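Fold and contact review
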Amino acid sequence: MNYDAFFAEQLDQLRAEGNYRVFAELERDATDAPHATMHGADKARPVTVWCSNDYLGMGKSAFVRQAVADAALKDGAGAGGTRNISGTATQHVALEAELADLHGKEAALLFTSGYVSNWASLSTLGAHLPGCTILSDEMNHASMIEGIRHSRAGKVIWKHNDPEDLNRKLEALPKGGARLIAFESVYSMDGDIAPIAEILDVAEAHGAMTYLDEVHAVGLYGPQGGGIAEREGLAHRVSLIEGTLGKAFGVMGGYIAGSAVMCDFVRSFASGFIFTTALPPALAAGALTSIRHLRRSDLERRRQQANVAKLRARLDAMRLPHLDNPSHIVPVMVGDPFKAKFLSDTLLEQHGIYVQPINYPTVPKGTERLRITPSPLHTDEDTDRLVAALSDLWSQCALNRAVA
Ligand code: PMP
């Protein structure tokens, strides 16, 4: 077999569908965010970044960068081992204690990313809980799906954000065996929010354990940035909260928080925790600084929410169609992969605006979009330029406007 010919053919097919990914190479200056320099094949151009998941700009903040730099200079660049073999640093221990406290849980456990935390935790819980069935929201993230698959537990998919369907599916299961309900709070592509209280009611009625991914909510919602469960006073009812340090906290890493024995169990059985080098202590120090700041300060959250509201109002004024959701994620709907790519390319080339198009398989075919994430760092002028450029392009491409 000609292996390379096979790979090339598969990639050509992606290109033909308009789904081949080309990475934008950014040269950043943290003091000038959300502005950056984008390097292309032939030239470099200044851009305004509108699609970062450093939602609150914490990765660019002077004190988070300083914490990372200080710890790196003092401790070294890497952890030097797995958690079990010389890799546990004081920063990891302090960060786990902080995360447990943030979520009002007994314990927390760090992973090298949110992806790994979902994959490792779900695969471990599903594999070991006796007769386990995992009930998974149909829109769950790939990292959860992969973890569930790998667990080889029974899998039941319930309708997105639909506690009644979840209830029906639980009732239809044969009696006996563990039940684990896996869902997210803020869904990353539509920006909608789960009815957590109703889902917990159903879970409790069936004696099921609950697994809540708050990756797109931690740092952003709740009085201390503990996520939607904190905001709604529900964290104590969720068995396990999973989060990332790579989005609103601006650094990198993932974690779970829950009971001490559950965290100890995952720590002791999850290969994705055990057999990998620990997070660099310097990143743990940066994340700790970021979390502590966001527990005390509401400023970043308020500025971000104001910028989200401003963008939505301006899109409405120009009748540019966007999903009307209750979160900080603003999906501007295009509905065609080639047009989404054309819009993104033209925003970049003509306006110096960087928004990555989101195409299948990240979102269903026909719902291709520009996913825009305003941060506290965007200015009114940035927003005005973005909306004017979008409106121009909407006319150029003869795309439908929203009904007034
Ligand atoms: N869960 C969800 C819902 C996500 O959207 C993502 C990543 N975008 C992850 C988990 C993985 O988090 P991380 O980027 O920290 O690996």
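Residues numbered from 1 in each chain as written. Predicted model: local features only at pLDDT ≥ 70, side-chain atom pairs only at ≥ 80, totals over all residues. Heavy atoms only, no water.

A few words on the pattern of salt bridges. All told, the structure shown has 20 salt bridges when counted by the stated rule. When the shortest N-O distance is used, the salt bridge between arginine 15 and aspartate 12 registers 2.9 Å. One end of the pair, arginine 15, and the other, aspartate 12, are both in helix α1 (residues 3-16), three residues apart, so they sit about a helical turn from each other. What makes arginine 15 partly exposed here is its relative accessible area of 40%. Aspartate 201 is the partner of arginine 237 in a salt bridge, and the nearest nitrogen-oxygen pair spans 2.7 Å. Within this pair, whereas arginine 237 is found in the loop between α9 (228-231) and β9 (240-244), its partner aspartate 201 is found in helix α8 (residues 196-205), the two being separated by 36 residues in sequence. (Salt bridge = Lys/Arg side-chain N within 4 Å of Asp/Glu carboxyl O. Helix = DSSP H or I, 4+ residues; strand = E, 2+ residues; numbered from the N terminus. Buried < 20%, exposed > 50% of the residue type's maximum accessible area, 1.4 Å probe, protein only.)

Turning our attention to the domain arrangement of the protein. In terms of domains, the protein is made up of domain 1 (3-59 + 298-397) and domain 2 (63-295). Centre-to-centre, using C-alpha coordinates, domain 1 lies 27 Å away from domain 2. At the junction of the two partners, domain 1 supplies 24 residues and domain 2 supplies 27 residues. Together domain 1 and domain 2 conceal approximately 1,900 Å² of surface at their shared face, both sides included; 56% is due to carbon and sulfur atoms. On the domain 1 side of the contact with domain 2, Tyr55, Met58 and Arg301 bury the most area, a combined 31% of that side's loss. Inspection of the region where domain 1 meets domain 2 yields one salt bridge. (Domains from an automatic or database assignment. Contact = heavy atoms within 4.5 Å. Buried area = accessible area lost by both parts, 1.4 Å probe.)

In a soluble, globular protein the nonpolar side chains are often hidden away together inside. Counting 52 residues, the largest nonpolar core has Leu95, Leu99, Ile181, Phe183 and Leu245 as the members making the most contacts within it. Three or more residues apiece are contributed to this core by two domains, here domain 1 (3-59 + 298-397) and domain 2 (63-295). Beyond its immediate sequence surroundings of up to four residues, leucine 95 is in contact with Leu110, Leu245, Ala284, Ala287, Leu288 and Ile291. (Core = buried A, V, L, I, M, F, W, Y, C linked by side-chain atoms within 4.5 Å.)

A few words now on the sheet that holds strand β14 (residues 369-372). As summarised here, the arrangement of the three strands in space is β11-β14-β13, forming an open sheet in which the pairing is antiparallel. On the outer flanks of this sheet lie β11 (330-333) and β13 (357-358), each paired with one strand and no other. As judged from the two bridges shared by β13 and β14, these two strands associate in the antiparallel manner. If you follow isoleucine 358 over to β14, its bridge partner there is arginine 369. This element, helix α13 (residues 299-317), spans β11 and β14 of the sheet and lies at about 20° to β11. (Pairing = 2+ DSSP bridges. Axes fitted to C-alpha atoms, helices over the stretch in contact; angles between N-to-C directions.)

The local shell around the ligand holds 13 residues, among which Gly114, Tyr115, Asp213, His216 and Thr244 are the closest. Between the ligand and aspartate 213 there is a distance of 2.7 Å, counted from a nitrogen atom to a side-chain nitrogen or oxygen. For the ligand, whose unbound accessible area comes to 390 Å², protein coverage reaches 82%. Here the element with the most residues in the shell around the ligand is helix α5 (residues 114-128); it accounts for three residues. A breakdown of the residues in the shell around the ligand according to their chemical character gives two nonpolar, eight polar and three charged. (Near = heavy atom within 4 Å. Polar contact = N/O pair within 3.5 Å; in protein donor to acceptor, adjacent residues only side chain to side chain. Areas by Shrake-Rupley, 256 points an atom, 1.4 Å probe, with all protein chains shown as cover. Nonpolar A, V, L, I, M, F, W, Y, C, P; charged D, E, K, R; others polar.)

Taking every second residue as pointing to the same face, the buried face of strand β2 (residues 35-39) carries Ala36 and Met38, while none of His35, Thr37 and His39 on the other face is buried. Bridge count for strand β1 (residues 25-28) against β2 is four bridges, and the pairing is antiparallel. Note on β2: the bridge partner recorded for arginine 28 is alanine 36. Adjacent in sequence and paired antiparallel, β1 and β2 are bridged by six residues. Two strands pair when backbone bridges link them, and β2 and strand β3 (residues 44-49) are joined in this way by five bridges, in the antiparallel orientation. Following the sheet pairing, histidine 39 is matched in β3 by alanine 44. Hairpin connection of β2 to β3: four residues between the antiparallel strands.

So, on to the state of the cysteines. Counted by the stated rule, this structure contains zero disulfides. For cysteine 51, which is in no disulfide, the shortest distance to another cysteine sulfur is to cysteine 397 and amounts to 18 Å. Left without a disulfide partner, cysteine 132 is nearest to the cysteine sulfur of cysteine 263, which lies 17 Å away. Accessibility expressed as a relative area gives 8% for cysteine 132, which makes it buried. (Disulfide = S-S within 2.5 Å.)

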